[in-house]
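# Tertiary structure, described
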Amino acid sequence: MTKTKGEISKFIEKYYLHFNAAALVDAAKGYEDQLNDGAKMLVSLAGAMSTAELGKIFAEIIRQDKVHIVSCTGANLEEDIMNLVAHSHYKRVPNYRDLTPKEEWGLLEKGLNRVTDTCIPEEEAFRRLQEHIFKIWKDAEEKGERYLPHEFMYKMLLSGVLEEHYEIDLKDSWMYAAAEKNLPIVCPGWEDSTMGNIFASYVLKGELKASTMKSGIEYMTFLADWYTDNSENGIGFFQIGGGIAGDFPICVVPMLYQDMERTETPFWSYFCQISDSTTSYGSYSGAVPNEKITWGKLDIDTPKFIIESDATIVAPLIFAYLLDL
């Protein structure tokens, strides 16, 4: 049954007719076609999409089963939870382009870590999470248990230890929506996130063992099994930004096909990237989708879209279209 599109969807269909605007509409319709055909979808989150509060709409995408697995940086994993517990302490700096080095140092001295026009408060965000997540890490270690980074985050969210600190509507947290569904997540390069750095500091101090945290290789093998088990009707790839959040999971297909010699492994059935990275010499994030054919990631006929624009503008519009808003 075809649903009636809402006002936002009608607006973009009427006015988004050419260039990147048209690519946005085509990509949204292609995403919708994938879901209607029974395919599953991976969404990758790079950059600071959680601090940009993408959770306000992405959480509903998760609740409505319009994404089936997420690949994200460690920053996006933790920053959604930081926003959940410390939102009122964030500081916007609209004139960030005009800041002098001395003014930037002043923000540091106040415990305000800047992400473009938004400062994350160290004490209320980083340290608040650290207090609780350390206990969960330590408890697992004492029991001889090991988990992936996102699984520890799920445990913290579902335990209720953060409830007294909630500062936004819980429905606007994509990580909480994901935890409720036990949504599969891969988080490559987690070690370079704040929580990853903190975990490493406990290892250096001898308070935790590195082996308590499952590794990136274990994320890849988990993804390989998940892809194999879920690719019957195809799996699409919706990439927000560039970097490791996209580079890591897309490689699972050539790995299975070439290195495991499972030649029945299907290519990704859809590909879209939202990026402002320009095509340049040796750039992966700026490479046109067709380059991925040569690496055994996409097929000749895979629907391919690239939207060269700001993901904080484009992604909510595509998700609104998928939600019939």
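Attention here is on the structure that accompanies the text. (Residues numbered from 1 in each chain as written. Predicted model: local features only at pLDDT ≥ 70, side-chain atom pairs only at ≥ 80, totals over all residues. Heavy atoms only, no water.)

What the protein contains, in helices and strands, is 13 helices and 9 strands. Its C-alpha atoms give the protein a radius of gyration of 20 Å, near enough to 20 Å, the size a compact globule of 325 residues would have. Summarising its shape, the C-alpha atoms of the protein cover approximately 50 × 50 × 45 Å along the three principal directions. Residues counted as buried form 52% of the 325 residues belonging to the protein. Sequence separation of 24 or more characterises 79% of the internal contacts of the protein that already satisfy a separation of 6 or more. Summed over its atoms, the accessible surface of the protein is roughly 15,500 Å², and 51% of this surface lies on carbon and sulfur atoms. Side chains of the protein give 31 positive and 50 negative charges; the mean places of these two sets differ by 3 Å. (Helix = DSSP H or I, 4+ residues; strand = E, 2+ residues; numbered from the N terminus. Rg over C-alpha atoms; globule rule 2.2 N^0.38 Å. Buried < 20%, exposed > 50% of the residue type's maximum accessible area, 1.4 Å probe, protein only. Contact = heavy atoms within 4.5 Å. Areas by Shrake-Rupley, 256 points an atom, 1.4 Å probe, with all protein chains shown as cover. Lys, Arg positive; Asp, Glu negative; His and termini not counted. Charge placed at Lys NZ, Arg CZ, Asp CG, Glu CD.)

Looking at the element boundaries, H165 is found in the loop between α7 (149–159) and α8 (174–181). Excluding residues that lie within four positions of it along the chain, H165 makes contacts with L84, V85, R128 and H132.

A few words on the pattern of salt bridges. Counted according to the given criterion, the structure contains 11 salt bridges. Close ionic contact of K171 with D172 constitutes a salt bridge, the shortest N to O distance being 3.4 Å. Assessed through its relative accessible area of 14%, D172 is described here as buried. Connected through shared salt-bridge partners, K5, E32 and D324 make up one network. (Salt bridge = Lys/Arg side-chain N within 4 Å of Asp/Glu carboxyl O.)

As a further point, take the packing of helix α3 (residues 55–63) against helix α13 (residues 311–322). Direction vectors running N to C along α3 and α13 enclose 35 degrees, while the axes themselves pass 10 Å from each other. Once α3 is placed against α13, the crossing between them reads as left-handed. Here I57, F58 and I61 of α3 lie close against α13, whose contacting residues are P316, F319, A320 and L322. (Axes fitted to C-alpha atoms, helices over the stretch in contact; angles between N-to-C directions. Left-handed = near helix turned anticlockwise from the far one by under 90°.)

Bringing the environment of D33 into the picture now. Mapped onto the secondary structure, D33 falls in helix α2 (residues 19–36). It is 9.7 Å that separates the C-alpha atoms of D33 and Y270, two residues lying 237 residues apart in sequence.

With that settled, the discussion passes to the nonpolar core. A general feature of soluble globular proteins is that nonpolar side chains tend to end up buried together. In this structure, F58, W137, W174, F238 and I240 are the most contacted members of the largest nonpolar core, which totals 99 residues. For F238, the residues in contact, after removing those within four places along its chain, are Y31, M41, L42, V43, S44, Y270, C272, I274, I318 and F319. One finds V93, Y96, L99 and C119 within the second-largest nonpolar core, a separate group that totals 6 residues. (Core = buried A, V, L, I, M, F, W, Y, C linked by side-chain atoms within 4.5 Å.)

What follows concerns the state of the cysteines. This model, assessed by the stated rule, comprises 0 disulfides. Note on C251: no disulfide assigned, nearest cysteine sulfur contributed by C187 at a separation of 16 Å. The closest cysteine sulfur to the non-disulfide-bonded C272 is located on C72, 18 Å from its own sulfur. (Disulfide = S-S within 2.5 Å.)

Let's shift gears to the sheet that holds strand β3 (residues 91–92). Here 3 strands make up an open sheet; going across it, the order is β3-β5-β4 and the pairing antiparallel. With one partner strand each, in any of the chains shown, β3 and β4 (112–115) form the two edges of the open sheet. One ladder, built from 2 bridges, connects β3 with strand β5 (residues 118–121); its direction is antiparallel. Bridging across to β5, R92 finds its partner in T118. (Pairing = 2+ DSSP bridges.)

Bringing unusual backbone geometry into the picture now. Residue E53 is not a glycine yet carries a positive backbone phi of 65 degrees. Looking at the secondary structure, you find E53 in the loop between β1 (40–45) and α3.

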